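Topology and contacts: notes
Each chain, written out:
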Amino acid sequence: KLLPPDRVDAQSVRRFEREVVATARLRHPNTVAIFDYGRTPEGVFYYAMEYLDGLTIDELVEREGPLPPARVIWLLSQVCASLDEAHHFGLVHRDIKPANIMVIGHTAAYDHVKVLDFGLVKTLAAAPGGSLSQADELTGTPLYMAPEVISKPDGAEPASDLYAVAAVGYYMLTGKHVFDGRTVVEVCADHLHTAPTPIHARVGRPVPAELEAVIMQGLAKAPGARPASAA
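Everything quoted here is computed from the prediction, not taken from an experiment.

Observations regarding the nonpolar core
Ranked by size, the top nonpolar core spans 49 residues in total, and within it Ile57, Leu75, Ile96, Met172, Ile215 and Leu219 carry the most contacts. If one sorts the elements of this core by residue count, helix H5 (residues 158–174) sits on top with eleven residues. Those residues within four positions of Met172 in sequence are excluded, and the remaining contacts are Ile57, Val61, Pro66, Leu67, Val72, Leu75 and Leu76.

A closer look at the pairing of strand E3 (residues 45–49)
With two bridges joining them, strand E1 (residues 2–3) and E3 adopt antiparallel strand pairing. Within the sheet, the bridge partner assigned to Leu3 lies in E3 and is Phe45. Relative to E3, strand E2 (residues 34–39) is paired through five bridges, and the arrangement is antiparallel. Among the inter-strand pairings, Arg39 is bridged to a residue of E3, identified as Phe45. Counting the residues in the hairpin turn of E2 and E3 gives five residues, including Gly43, whose phi is positive at 90°.

Thresholds applied
- Residues numbered from 1 in each chain as written.
- Predicted model: local features only at pLDDT ≥ 70, side-chain atom pairs only at ≥ 80, totals over all residues.
- Heavy atoms only, no water.
- Core = buried A, V, L, I, M, F, W, Y, C linked by side-chain atoms within 4.5 Å.
- Buried < 20%, exposed > 50% of the residue type's maximum accessible area, 1.4 Å probe, protein only.
- Helix = DSSP H or I, 4+ residues; strand = E, 2+ residues; numbered from the N terminus.
- Contact = heavy atoms within 4.5 Å.
- Pairing = 2+ DSSP bridges.

Dropping the structure here:
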């Protein structure tokens, strides 16, 4: 990843550096590895990460359609394992979505997940000067954004990541987003106020009850009603 100084402002550079420092601390095999970072003689900030040859969840579902429940469980369990380490370090990803989850190997027997792009990561123990996000700035992807992040953009917490994980699970099982509003405003309003359609009703066929229950619990409006941790 490269960040040329003539194309970005100082805040973007700080956020980019924060991404590198945060991600470089993580060692879980389901998190993309950072090998090096620094600046070129021309002042371009960069970092080098492991090369990954695979498909994002977006690409996987587009190619294969809704995924079998057993495969969804395997993929989600790896995402949660990556986030469990990050949360242990006090880091919240804030942009979990299908495009930020890569699957290495294209068969269910060998699916290995890598969680990508901690560029929006937030440190729970705020640094002096507070967050880099503006108070009125939505940071993340609305289709996977937890209600508390919409109502208070700087309010991301581990439970917010779990909401996004549940939304990704919903997408993998159904091939559809939890909410499909025509505008960003409609999608945000649905996350805040609308109960999601149960997965079995959305796909018109039975879904394992325990799997559906934990995903629907992850989509609870109140952070405290979601699973207690990624683990």
